[in-house]
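Summary of structural features
Given next are the chains, with one letter for each unit.
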Amino acid sequence: MKRRRGRGAGREGEGEFRRRSLSAAVQLAINNVTKERGVIFNSISQSDAINEAADLSKYTFHEALNPHMTSGAVGRYAFAKFGKKVAFLTADYAYGHEMVRGFLEVGKEFNIENLGDIRHPLGTTDFSTLLPRLQALKPDILCISNFGRDQQIALKQATDFGIKKSIQIIAPLLSHASRVAAGPQAFEGVVGGCSFYWGIEDKFASTKAFNDAFRKMYDGKLPTDYGALGYGGVRTVLEAVKGAGSVETNKVVAALEALKYDYYKGPQYYRKCDHQSVQSVLVIKSKSKDMKNESDVFEVLSTEEPNEKYLRTCEALGHKS
Amino acid sequence: MAGLSFDLIALQLFAGLALGAIYVLFAIGLSLIFGMLTVVNFAHGAFYMVGAYVGLYLISIGGNFWICLVAVPIAIGLFGLAVERVLIRPLYGRGIDYPLLLTFGLSYVMVECVRIAFGKTGYPFDTPEVLQGAVDIGVGYFPLYRLFVIGATAVVLLALWLFLEKTSFGLIIRAGARDPQIVRVLGVDVSRVWLIVFGIGTAIAGFAGLLAAPLQGVIPEMGGTILAEAFVVTVVGGMGSIGGAVLAGLLVGVVVSMTSLFAPEMAKVSIFALMAIVLIVRPQASSAAPD
Amino acid sequence: MLQVSKLNAWYGASHALQDIGLEVTKGEIVCLIGRNGAGKTTTLKSIMGLMGRTRGSVTFKGEELLRQPAHVRFALGLAYVPEERRIVQGLSVRENLRLGLVASPAKKREAELLEEIAVIFPRLAERMDQEAVTMSGGEQQMLAIARAMIAKPDLIMLDEPSEGIMPVLVDEMFELFRSMKAQGTTVLLVEQNVELALGIADRAYVLDQGSVVHQASAQALLADEEIKERYCSV
């Protein structure tokens, strides 16, 4: 899997596959090129658009969760448990918008009351001017849909403002790396989703095997969510090539579509219509005490089992059945 | 969304002032250096970032936040002295673009060195225990640490004011910023003054970085955003004007805060809109004389 | 006290001074006269160390100055009042005067010296806490001179002190120069007002196009209409 830029990505024909973890916009741009060139692209960043008929191609696969699945799982857990009055703090780009859309959709089942959605620009380093307003709304739940450093800073500052005293903070995705970078204080008690946490190794033999191999290779360190996704994204394509006995693109695509796999997190498969990996979603909570090792950062609260009913329907995505 | 109460607006105003405090600290160093040396210090953000990392390091080897408040500005100030002496001094008299490009490049080198030493991902920086939590300020709860930041900024400003107004060295700086030649003729070794001013400016930048660390954690790129915003502050306040930087820093904080209340998506843009308005209405603002 | 020999100076590529030679002995008032652009100001700047490229020799009290920066020359007892007065904006009269002491060992006696100067310059004494640039041109000139004198230099160089100043104040100023001389201060004076300058000077050098073209006692020059006509008329 070579790294090349832009239009140089992949020749017509066979033998080249791409797997990238990038921001949604970059992912969609790469998809445009690979689609045109007939190159298989298995993407591992979160996007709803990549599943839609307009963007999807025969060559596009999506190993990652998408915002609809993530927010759905977290929403179903949180709205049942913490309350119905919800305020949103959202990064003003596709990822944030898609997450909020997902939360509002699942929120309908719970009759949640949307108190307001404050949008912030990407790369915001200070949320102090947004938090008093959110606090004044007096929600049961504050749903913070942003990622990376935005999320780290938002959670840290929400903690400083004492928001956690009366309000449950939820986030669609809690990334392992962000939690480590921001520290236990900032993430303490925050509930969110993820596609993988090493701690499920008690439950799945595949996870145990993956963790052990990873530990061996990296001085006893444990894989993170995105580490696992990267592995999964490559492994599925590799297995499909083996299964097809060929690197010819069309054969590999057929093999991927037929794949029922469990390589690191329990059973998964790619749905036919949109090539979305149907998989479990973990609902997790950040720990601040009793941590056994530096990777022991989350507690798994519940697992939403793989089920197509948690995905947007093929019709809604614009695919003809 | 719920209506705007008086309390909320007052709290918002307060949040703006607290935000402005960091801008002020960052911008006065920038302004001091520009006013005296006519060096546009593009590495100011990197000094700010290194200040946060030095604090992180000191705490990791057993220091505490209070020691850092003293040690970080000293360490960054000394570093600033070395940078001026070795890198910037040879460029005096060669035009404003030479030191500008040098400091621009230096900032990249500093960020890269920190990435190599500490890694690319950020680190958490815990708020010192006694300053954790929020307190009731009458109109609502406000983080205690942010109140501390306002107080610390006020102390630095007071100290700087006393230094500039009440000491001979301060007199030299005030005069030298207006007319370096006359202070040379009156026997002052201006290169020494420039050295010290650069050291003071960078020391304050390091101090600001340390204060910012518990607000947002530390990351090698943390100096970039604030540098862009602080340039707006110095343009609005007048390049080289310390008093202007103080007022403009607070103004920018309040503008961001009030925009956040009514149109949060516009908060970031509002800073630059303010600069554009100031430049159009008051074109001489960018070159106002220092005071 | 001051010996200048074969002094050359350049502004970029233009050769502004060519082999200037002059001498000032202790207690003298020496005057440099000549047309605009003759090199008078450049000579003073070169002596003070404000010119970029110079060659030759400038010795003061026996020490070679040419490679020394301006602040070292000040420390040796050389003072300079530039043409444009250079009163610092934003500073009060008192602060401008204190600026004359910041780099001097006499700083310790600041209060005493400020009082002394107030006696010599009563106009300034009245305006100590006023912002200096709000004063009239003549008062600012007085302040510039007072600022250069306060640390008691051995030699003071004055560039066009009478320029743009009311006649009443000019008289007052030249009266001051006489009393400075009486107290033993040495003065090197550049002045457009030739008659006035020669009236108080002991000797004078005539400059033209960057060279010394004539030197004589002030009295002799006052009488020499031809030289004055050739080199000093505007």
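Only a predicted model underlies this, so the values are computations on that prediction, with no experimental measurement involved.

Scoring rules and cut-offs
Residues numbered from 1 in each chain as written. Chains lettered and ligands numbered in written order. Predicted model: local features only at pLDDT ≥ 70, side-chain atom pairs only at ≥ 80, totals over all residues. Helix = DSSP H or I, 4+ residues; strand = E, 2+ residues; numbered from the N terminus. Rg over C-alpha atoms; globule rule 2.2 N^0.38 Å. Buried ≥ 20, exposed ≤ 12 C-beta atoms within 10 Å, placed from the backbone. Contact = placed C-beta atoms within 7 Å. Nonpolar A, V, L, I, M, F, W, Y, C, P; charged D, E, K, R; others polar. Domains from an automatic or database assignment. Axes fitted to C-alpha atoms, helices over the stretch in contact; angles between N-to-C directions. Parallel < 35°, antiparallel > 145°, perpendicular 65-115°, else oblique. Left-handed = near helix turned anticlockwise from the far one by under 90°. Pairing = 2+ DSSP bridges.

A word on the overall build of chain C
Helix and strand content of chain C: 10 helices and 10 strands. Its C-alpha atoms give chain C a radius of gyration of 17 Å, within 12% of the compact-globule value 17 Å for 234 residues. Dimensions of chain C, computed from the C-alpha atoms along their principal axes, are close to 45 × 40 × 30 Å. Split into buried and exposed, the 234 residues of chain C put 43% on the buried side. Summarising the internal contacts of chain C: among those between residues at least 6 apart in sequence, 65% fall at separations of at least 24.

Quick notes on the interface of chain B and chain C
In this assembly, 18 residues from chain B lie in contact with 21 residues from chain C. If you list the elements that add at least two residues to the side of chain B that touches chain C, you get α6 (168–178) and α7 (180–185) of chain B. Of the residues that constitute the side of chain B that touches chain C, the class distribution is 9 nonpolar, 3 polar and 6 charged.

A closer look at the interface of chain B and chain A
Across the boundary between the two partners, chain B contributes 36 residues, which contact 30 residues of chain A. Going through the elements one at a time, α1 (6–37), β2 (141–143), α5 (144–166), α8 (190–216), α10 (242–262) and α11 (267–281) of chain B are the ones with two or more residues in the side of chain B that touches chain A. Sorting elements by how many residues they give to the side of chain B that touches chain A places α1 of chain B first, with 7 residues.

Description of the arrangement of the chains
The structure contains 2 pairs of chains in contact, of which chains A and B account for the largest number of contacts. Across the gap from chain A to chain C, with no contact made, the nearest C-alpha atoms are 37 Å apart.

Regarding the domain arrangement of chain C
All names here are of chain C. According to the domain assignment, chain C contains domain 1 (2–77 + 153–232) and domain 2 (87–151). One C-alpha centre belongs to domain 1, the other to domain 2, and the line joining them spans 24 Å. Broken down by secondary-structure element, the contributors of at least two residues to the side of domain 1 that touches domain 2 are α2 (70–75) and α7 (167–182). For the side of domain 1 that touches domain 2, the per-class residue count stands at 8 nonpolar, 2 polar and no charged.

With respect to the packing of α1 of chain B against helix α9 (residues 222–237) of chain B
All names here are of chain B. Between α1 and α9, the least distance of the axes is 9 Å, while the angle of their chain directions is 70°. Taken together, α1 and α9 sit at an angle that is classed as roughly perpendicular. You can see that α1 and α9 cross each other, and the crossing is right-handed. From α1, Y23, F26, A27, L30 and S31 reach across to α9, where they touch I226, E229, A230, V233, T234 and G237. The class makeup of the residues in the contact of α1 with α9 is 7 nonpolar, 3 polar and 1 charged.

Points about the sheet that holds strand β5 (residues 63–64) of chain C
Residues and elements named next belong to chain C. The sheet built from 4 strands is open, its strands ordered β2-β1-β4-β5 with antiparallel pairing. At either end of the open sheet lies a strand with only one pairing partner, and these are β2 (14–24) and β5. Judged from the 7 bridges that link them, strand β1 (residues 2–11) and β2 form a sheet pairing that is antiparallel. Within β2, the residue paired with W10 across the bridge is H15.

So, the pairing of strand β4 (residues 53–60) of chain C
Residue and element names in this part refer to chain C. The sheet contact formed by β1 and β4 spans 7 bridges and is antiparallel. Residue pairing for β4: S5 is matched across the bridge by S57. Note that β4 and β5 share 2 bridges and pair antiparallel. From the neighbouring strand, F60 faces β5, where its bridge partner is E63. Connecting β4 to the antiparallel partner β5 that follows it, the hairpin turn spans 2 residues, and K61 within it adopts a positive phi of roughly 50°.

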